[in-house]
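Residue-level structure breakdown
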Amino acid sequence: MKIAIINGNPRESDQAFDGYLETLAASLGDMDHEVTVHGLRGMQIIPCRGCFDCWVKTPGICRFKDDAVELCKSYISSNFVVLASPVIMGYTSALLKNAMDRLIPLIHPYLRDEHGEVHHLPRYDAYPLMGLLLSPEPSTDREDVEIITDIYRRACINVMSELKFVEFSEKPAREVANAINNN
Amino acid sequence: MRLTIINGSPRGEASNTGALFSHFIRGFEETSGNRAEVLYIIKNLKTLNVLVDAFRTAEAVLLGFPLYVDTMPGSFKMFLEALEPLAGRDNNPPMGFLIQNGFPETYHNRFAARYMEKFAKRMGCRCFGSILKGGCEGLSIQPAFLTEKYFTYLYEIGKAFGERGVLDERLLEKLAQPEHLTSENIAQVVPFVNKALWDSQLEANGALEKSFDRPYQP
């Protein structure tokens, strides 16, 4: 499988989280997967301006030519994407959210009926499965995890995906690698 | 009451979020002595401290944003993270929310609202509620009979808030209609929106034939 790990850790000081993802990438590599790690902290990704050029002017292409282009290409050519972030104020990082917002060129503006709700139409034939890897903040409780999980499940609907897991970096990287490998 | 409104739309002043706020403010300021000040995330992305200071000294705060990828825009989350040092402070202002989305149903907003209400708790702020509305993409090109209805509710919600300091549950519920659509409704609405909202813009840009382009096809 082609696997992209999107590292939304904004903190240079949190080397443990980055290190965890490197271990995860290595484990997946050992299982013969082709793994790319995108360190968002070192990438230039301008926050989405909501101009919709990527839907109505240059379909599939954002007006901003920054590192989100590479991210979009990697995302759509992957079979599995791991979104990774520390929990900050009850949600994944702004760094990760800004990157997610820039993925909308990958879908189509048209609406469709998805089990009685209105969602977007796909632009591509195939989209990757998704897994969410978090590290908790001291106040993280069960409700926070529920809120995050629900929102990511809903985000998956619009990118024709499925949230395969929500895991915390306390879990051995090898076990998370196994969970990905089993897809 | 002095109300600090923070507009979290990446489109800034020309946003659908801003249009909704303007009608809320019109009602709110009808009560003498009430004053709303509007600040924009997009204008302060590099000076988030300006917004944090406004929050610190506010009497009451109303935060608004459009739904992006099922929750707040990333740029709005930057602001929420900048507020972290104020979390749990004794005298944080009461806060409420306005969340709008472009799908026809309001239901999509419920998850972000749950997050924001938990956020208020995390900050130690009393939460006075959430104004939620679907169907808000392209408000300026929607038929007037639709938008006038939304805007009147926003005005009434703002007026009641200005008078009593609470968001009127009954009005919030009316504004939120339709919470869901029936499958018959969806079958009517979807082709209409695809044509009136999207095809018209694609066509105006000479991009209709390219609408399904796949530039990053692996």
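Residues numbered from 1 in each chain as written. Chains lettered and ligands numbered in written order. Predicted model: local features only at pLDDT ≥ 70, side-chain atom pairs only at ≥ 80, totals over all residues. Heavy atoms only, no water.

We now examine the state of the cysteines. Residues and elements named next belong to chain A. Applying the stated criterion across every chain yields a total of 0 disulfides over all chains. In this model Cys-48 remains outside any disulfide bridge; the closest cysteine sulfur is found in Cys-51, 6.7 Å from its own. In this model Cys-62 remains outside any disulfide bridge; the closest cysteine sulfur is found in Cys-54, 6.2 Å from its own. Among the residues examined, Cys-62 registers a relative accessible area of 15% and is labelled buried. (Disulfide = S-S within 2.5 Å. Buried < 20%, exposed > 50% of the residue type's maximum accessible area, 1.4 Å probe, protein only.)

A few words on the packing of helix α4 (residues 94-101) of chain A against helix α3 (residues 74-82) of chain B. Closest axis-to-axis distance for the α4 of chain A/α3 of chain B pair is 8 Å, and the angle between their directions is 170°. By the angle class used here, α4 of chain A and α3 of chain B are roughly antiparallel. The segment α4 of chain A lies against α3 of chain B, with Ala-94, Lys-97, Asn-98 and Asp-101 of chain A engaging Gly-74, Ser-75, Lys-77, Met-78 and Glu-81 of chain B. Among the residues forming the contact of α4 of chain A with α3 of chain B, the class breakdown is 2 nonpolar, 3 polar and 4 charged. (Axes fitted to C-alpha atoms, helices over the stretch in contact; angles between N-to-C directions. Helix = DSSP H or I, 4+ residues; strand = E, 2+ residues; numbered from the N terminus. Parallel < 35°, antiparallel > 145°, perpendicular 65-115°, else oblique. Contact = heavy atoms within 4.5 Å. Nonpolar A, V, L, I, M, F, W, Y, C, P; charged D, E, K, R; others polar.)

Residue and element names in this part refer to chain B. Domain assignment breaks chain B into domain 1 (2-180) and domain 2 (182-218). The distance between the C-alpha centroids of domain 1 and domain 2 comes to 29 Å. Counting each side, the surface lost to burial between domain 1 and domain 2 is near 350 Å², with a carbon and sulfur contribution of 78%. When the buried area of domain 1 at its contact with domain 2 is split by residue, Pro-104, Glu-137 and Ile-141 rank highest and sum to 69% of it. The tally of links from domain 1 across to domain 2 stands at 0 salt bridges. The interface formed by domain 1 and domain 2 contains 0 residue pairs in polar contact (both at pLDDT 80 or more). By residue class, the composition of the side of domain 1 that touches domain 2 is 2 nonpolar, 2 polar and 1 charged. (Domains from an automatic or database assignment. Buried area = accessible area lost by both parts, 1.4 Å probe. Salt bridge = Lys/Arg side-chain N within 4 Å of Asp/Glu carboxyl O. Polar contact = N/O pair within 3.5 Å; in protein donor to acceptor, adjacent residues only side chain to side chain.)

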